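Letter by letter, the chains look like this.
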Amino acid sequence: MGVEHHDAYYTLGIAGDLRKRRPVKSYAEGRVDELKLSTRVLLVSAVVLLIVLITGPFGYKFGVVPLLPSLASLLLAVAGGALVILVGIFYLVGAIRSGSGSDRNVLAATMILSALPIVIMVPQILAAQAVPPIHDITTDLDNPPAFVQLLTAREAAPNGAEYGASEAWPADKLREAQTGAYPDIQPINSSLDKAGAVSRAEQVLTEMGLEIAGVDAAAGLVEATATTFWFGFKDDMVVRVMETAEGSRIDIRSMSRVGQSDVGANAARIADFISRF
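Everything quoted here is computed from the prediction, not taken from an experiment.

Cut-offs applied
Residues numbered from 1 in each chain as written. Predicted model: local features only at pLDDT ≥ 70, side-chain atom pairs only at ≥ 80, totals over all residues. Heavy atoms only, no water. Helix = DSSP H or I, 4+ residues; strand = E, 2+ residues; numbered from the N terminus. Buried < 20%, exposed > 50% of the residue type's maximum accessible area, 1.4 Å probe, protein only. Contact = heavy atoms within 4.5 Å. Areas by Shrake-Rupley, 256 points an atom, 1.4 Å probe, with all protein chains shown as cover. Pairing = 2+ DSSP bridges. Salt bridge = Lys/Arg side-chain N within 4 Å of Asp/Glu carboxyl O. Core = buried A, V, L, I, M, F, W, Y, C linked by side-chain atoms within 4.5 Å. Axes fitted to C-alpha atoms, helices over the stretch in contact; angles between N-to-C directions. Parallel < 35°, antiparallel > 145°, perpendicular 65-115°, else oblique. Left-handed = near helix turned anticlockwise from the far one by under 90°. Expected span 1.5 Å × (residues − 1). Polar contact = N/O pair within 3.5 Å; in protein donor to acceptor, adjacent residues only side chain to side chain.

Q: Could you give an account of the overall build of the protein chain, with specific residues and numbers?
A: Summing up its helical and strand segments, the protein chain has eight helices and six strands in all. Put simply, the protein chain runs from its N terminus to its C terminus through helices and strands in the order α-α-α-α-β-α-α-β-α-β-β-β-β-α. Across the 277 residues that make up the protein chain, the buried fraction comes to 39%. Across the protein chain, contacts joining residues at least 24 apart in sequence account for 67% of those joining residues at least 6 apart. Of the roughly 15,600 Å² of accessible surface on the protein chain, a fraction of 62% belongs to carbon and sulfur atoms.

This is the structure:
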């Protein structure tokens, strides 16, 4: 028999012998299988939490979900994301020890996905804690500009239209809170005449992306509405222009239709208007 035939029979003999042996699964291999199942569960959980984070606010925006459940969905996404990260750390250590590169990579990606609700929401929660829980900001605390064109919409909204009408936040308390939190919110004194200031106010509100609700040049009023992207919250602005000896004085008021705290959004909107004007 030639060398080539001998080598062939020897190789076939080894292959046949290997086929007869039953594979023995080591402890490490069994652990890898377990990790793969847990990794899939964690990945699905992270994706579901992201869906909850997105659909809760949009559900309220399009009238499918009430406000409180949609807000609760954000807290659920944050708490769930933190839990997935904690569990993911445990399994990630196991994946590293067992040498499962695929598990390690998927777990790392899962933890990043789970961190998104936390990264998005925690700054908002901290911002809410840093400002007073108010939603009506104005440059004229003694005589805030009044809504006219938007009065009907405001009266139908939970927060109404009257300044300081809330029992929790009467006018004096509201003025004190705004002065302490937003001392830079002040009227604009412009060299523009009344007509020019009204026109400029309408232009600035349009540039800011607000929907113009009405312009009354004779009364010196411009009203507009801002709508948030996620929840679709509506905040109304009214700009009042009064003639002065030097030109005009422009006062602004921005007020949310729903919610106790605006997380500083109305003050930021007025500050943006002032800087643009």
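Q: For the pairing of strand E5 (residues 234-243), give the residues involved together with the corresponding values.
A: Burial of E5 is extensive: seven of the ten residues sit out of reach of the surface. Pairing of strand E4 (residues 221-227) with E5, which is carried by seven bridges, proceeds in the antiparallel orientation. Residue pairing across strands places threonine 227 opposite lysine 234, the latter belonging to E5. The hairpin turn running from E4 into E5, its antiparallel successor, is six residues long, and glycine 232 in that turn takes a positive phi close to 75°. Relative to strand E6 (residues 248-256), E5 is paired through nine bridges, and the arrangement is antiparallel. Along E6, the bridge assignment pairs valine 238 with arginine 253. Between E5 and E6, which pair antiparallel one after the other, the connecting turn spans four residues, and glycine 247 there sits at a positive phi close to 150°.

Q: Hey, could you go over the pattern of salt bridges for me, with residue numbers and the actual values?
A: Enumeration over the complete set of coordinates arrives at eleven salt bridges. A salt bridge links aspartate 236 to arginine 257; the shortest N-O distance between them is 2.8 Å. Taken together, the positions of aspartate 236 in strand E5 and arginine 257 in the loop between E6 and helix H8 (265-276) put the pair 21 residues apart, joining distant regions of the chain. Taking relative accessible area as the criterion, aspartate 236 reaches 0% and is therefore assigned buried. Salt bridges linked by common partners bring Asp140, Arg240, Arg249 and Asp251 together as one network.

Q: So what's going on with the nonpolar core? Residues and values would help.
A: With 31 residues, the main nonpolar core has Leu205, Val239, Ile250, Ile252, Phe273 and Phe277 as its most contacted residues. For this core, the elements supplying multiple residues, two or more each, are helix H6 (171-181), helix H7 (194-207), E4, E5, E6 and H8. In terms of residue count, the dominant contributor to this core is H7 (five residues). Aside from chain neighbours lying at most four places away, what touches valine 239 is Ala201, Leu205, Gly220, Leu221, Val222, Ile250, Asp251, Ile252 and Phe273. Membership of the second largest hydrophobic core comes to nine residues, among which are Leu49, Tyr91, Leu92 and Met111.

Q: Summarise the packing of helix H3 (residues 67-98) against helix H4 (residues 101-130); cite the residues concerned and give the values.
A: Contact pair H3 / H4: the axes reach a minimum separation of 8 Å and the direction vectors enclose 155°. With respect to H4, the element H3 is oriented roughly antiparallel. Along this stretch, H3 crosses H4, giving a crossing that reads as left-handed.

Q: Summarise H7; cite the residues concerned and give the values.
A: With 14 residues, H7 extends 20 Å from end C-alpha to end C-alpha; this agrees with the ideal 20 Å at 1.5 Å per step. At its buried positions, H7 is contacted by strand E3 (211-216), E4, E5, E6 and H8. One or two positions beyond H7, positive phi appears at glycine 209, with a value near 90°.

Q: Now, about the environment of threonine 55: what can you tell me, with residues and values included?
A: Relative to the assigned elements, threonine 55 resides in helix H2 (residues 27-61). Taking the C-alpha atoms as reference points, threonine 55 and serine 70, separated by 15 residues in sequence, lie 8.2 Å from one another. Reaching out from threonine 55, the side chain makes a polar contact with the backbone oxygen of isoleucine 51 at a distance of 2.7 Å.

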